[in-house]
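As a plain string of letters, each chain reads:
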Amino acid sequence: MISQLNDEVYSLVFSKERNEIIASTMESGILVLDAANGRIKKRLSTGSSWINKISLSTNGKYLMGYNGQRKNFVWNVINNYQSIKYPENFPKSYVRFGKEDILYHSGGGKMILWNPETNKIETREVESGNLVDIDEKGNALILNHNEFIINYKKDTIKTIKRNHPDWPYYYASQDTIYRIPLTMKLTTATISNQTVFTGGFDRSIRFWDVQTGVLKDELLKHRATIRSIKISRNQSQMV
């Protein structure tokens, strides 16, 4: 199916429960499309600016993102995309993603956990950076330029910081890898089971132990920047 939206599209997500494709655009806000025929079913306002990246909570219940004016938006997908208002005096932070009914925000060295159903708010001190993932134990994974940080839920003192130790440049014509002593920016990271996977400008993917931060393995022959890493639910495949 191809749908002509006559607008710039910045981000797409798919609601499996409703069989809908959701598109974040420049001029039209967020468009909800019927995945069977491409028909526009609903338009959601994003205020005075667009949202570069939208995401769905892991249970498919909440759609979220923040616009260019740093204003948060959350909609209840199951309840026909009803807009959800934030509590008064909510800490300044930006919504990153949702895990089941909890929406995770970060900003100003804090991570804010908010349950819109109960209005419960929990605040945790974390390192500065972009919150990118939470594992099943509630440990937070943060990216800060060339560094990734694991912030442990049950120990507010313990954190692990690591970066890629080198740039493993792959010289394809000789099928040879040259180790250049240069630490480059990380662009993506995820936690699966007991492993953190990281990728970045150095074109490599590194595997790290969640509890110790020890480098476990590497994938080194990619030919360009690693922009995104996804692990299948049964943890048998990486894309």
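See the structure shown above.
These numbers come from a predicted model, not from an experiment.

Caption draft 1: Layout of the overall build of the protein chain. What the protein chain contains, in helices and strands, is zero helices and 22 strands. Against the compact-globule benchmark of 18 Å for 239 residues, the protein chain has a radius of gyration of 19 Å, which places it among compact chains. Judged by the C-alpha coordinates and their principal axes, the protein chain covers about 55 × 45 × 35 Å. Taking contacts inside the protein chain between residues at least 6 apart in sequence as the whole, the part at least 24 apart equals 37%. For the protein chain, the accessible surface area stands at approximately 13100 Å², while carbon and sulfur atoms represent 46% of it. On the protein chain, the mean spot of the 33 positive side-chain charges and the mean spot of the 24 negative ones are 2 Å from each other.

Caption draft 2: Up close: the side chain of Ser57. You can see Ser57 is positioned in the loop between strand E5 (55-56) and strand E6 (62-66). A distance of 2.6 Å separates the side chain of Ser57 from the side chain of Asn59, its partner in a polar contact. Every residue in contact with Ser57, bar those within four places of it in the chain, is listed here: Tyr62, Met64, Gly98 and Glu100.

Caption draft 3: Expanded view of the pattern of salt bridges. Enumeration over the complete set of coordinates arrives at 12 salt bridges. Residues Arg18 and Glu20 are paired through a salt bridge, measuring 2.8 Å at the closest nitrogen-oxygen approach. A salt bridge links Glu218 to Arg206, with the shortest nitrogen-to-oxygen separation between them at 3.1 Å. With Glu218 in strand E22 (residues 215-219) and Arg206 in strand E21 (residues 205-209), this residue pair connects regions lying 12 residues apart in the sequence. By relative accessible area, which is 23% here, Glu218 ends up partly exposed. Connected through shared salt-bridge partners, Asp166, Arg179, Asp202, Arg206 and Glu218 make up one network.

Caption draft 4: Fine view of unusual backbone geometry. You will see that Asn80, though not glycine, has its phi angle at about 55°, which is positive. As for its position among the elements, Asn80 is in the loop between strand E7 (72-76) and strand E8 (82-83). Its identity is not glycine, yet His145 carries a phi of approximately 60°, on the positive side.

Caption draft 5: Up close: the packing of aromatic side chains. By the definition in use, this model includes 11 aromatic pairs. Ring plane angle 70° and centroid distance 4.9 Å describe the contact between Phe197 and Phe207, whose orientation is recorded as edge-to-face. You can see Phe197 sitting in strand E20 (residues 195-200) and its partner Phe207 sitting in strand E21, a full 10 residues away along the chain. By the burial criterion, Phe197 is buried, and Phe207 matches it. An aromatic cluster of three or more residues is present, and its members are Tyr86, Phe90 and Trp114.

Caption draft 6: Spotlight on the nonpolar core. If you look at the biggest cluster of nonpolar residues, it comprises 13 residues, and the most contacted ones within it are Ile22, Ile30, Leu44, Ile54, Leu63, Trp75 and Tyr81. Of all elements in the fold, only strand E3 (30-34) and E7 reach the threshold of two or more residues within this core. Apart from residues no more than four positions distant in its own chain, Ile30 is found in contact with Ile22, Ala23, Ser24, Lys42, Arg43, Leu44, Thr46, Ile51, Ile54, Leu63 and Trp75.

Caption draft 7: Focus on the pairing of strand E9 (residues 94-99). Note: E9 against strand E10 (residues 102-107), five bridges, orientation antiparallel. Of the residues in E10, the one forming a bridge with Val95 is His105. From the end of E9 to the start of E10, which pair antiparallel, there are two residues, and Glu100 there has a positive phi angle of about 55°.

Caption draft 8: Representation of the sheet that holds strand E15 (residues 147-151) in the model. Strand order in the open sheet formed by four strands is E13-E14-E15-E16, and the pairing between neighbours is antiparallel. The strands lining the two open edges of the sheet, one partner per strand, are strand E13 (130-134) and strand E16 (159-162). Neighbour to neighbour, the strand axes of the sheet diverge by 20° on average, direction disregarded. Pairing geometry for strand E14 (residues 140-144) and E15, over five bridges, is antiparallel.

Caption draft 9: Just a nonpolar patch on the surface, in detail. Taken together, the side chains of Tyr169, Tyr171 and Tyr178 make up a nonpolar region of the molecular surface, amounting to roughly 280 Å² of accessible area. Residue placement: Tyr178 occurs in strand E18 (residues 176-180).

Caption draft 10: Quick look at the sheet that holds strand E11 (residues 110-115). Strand order in the open sheet made by the four strands is E9-E10-E11-E12, with antiparallel pairing throughout. Lying at the two open borders of the sheet, with one neighbouring strand each, are E9 and strand E12 (120-125). On average, adjacent strands in this sheet sit at an angle of 25° to one another, irrespective of strand direction.

Quick notes on the rules
Within each chain, residue numbers correspond to sequence positions counted from 1 in written order. Local features in this predicted model are restricted to residues of pLDDT 70 or higher, and side-chain atom pairs are both shown and tallied only at a pLDDT of 80 or more, whereas totals for entire chains, interfaces and linings draw on every residue. Hydrogens and water are ignored here; the side-chain numbers use all heavy atoms of the structure. Only runs of H or I of at least four residues qualify as helices and only runs of E of at least two qualify as strands under DSSP, and these elements are numbered from the N terminus. In this treatment the radius of gyration is a C-alpha quantity, and the globule benchmark scales as 2.2 Å times the residue count to the 0.38 power. The contact rule is simple, with two residues in contact once any of their heavy atoms fall within 4.5 Å. Using a 1.4 Å probe, accessible areas were evaluated by the Shrake-Rupley method; residue-level cover was limited to the displayed protein chains. Charged-residue counts in this description rest on Lys and Arg as positive and Asp and Glu as negative, His and the chain ends being excluded. To locate a charge, take NZ of a lysine, CZ of an arginine, CG of an aspartate or CD of a glutamate. Here a polar contact is taken to be a pair of N or O atoms separated by no more than 3.5 Å, where protein atoms must pair a possible hydrogen donor with a possible acceptor and residues adjacent in sequence count only if both atoms sit in side chains. Note on definitions: salt bridges are taken to be side-chain nitrogens of Lys or Arg within 4 Å of carboxyl oxygens of Asp or Glu. For every residue, the accessible area (1.4 Å probe, protein chains only) is compared with the maximum for its type, and the residue is labelled buried under 20%, exposed over 50%, or partly exposed between those bounds. The criterion for an aromatic pair is that two Phe, Tyr or Trp rings (for Trp, the six-membered ring) have centres within 6.5 Å, with stacked assigned to planes under 30 degrees apart, edge-to-face to planes over 60 apart and tilted to the rest. Within this scheme, the nonpolar core is defined by two criteria: the residues are buried Ala, Val, Leu, Ile, Met, Phe, Trp, Tyr or Cys, and they are joined through side-chain atoms within 4.5 Å. Only when DSSP finds a minimum of two bridges between them are two strands counted as paired. Simply put, an axis is a line fit to the C-alpha atoms, just over the touching stretch for a helix, and the angle between two N-to-C directions goes from 0 to 180 degrees. Here the term patch refers to residues with relative accessible area over 30% and no salt bridge, with like charges joined within 9 Å and nonpolar side chains (Val, Leu, Ile, Met, Phe, Trp, Tyr) within 5 Å.

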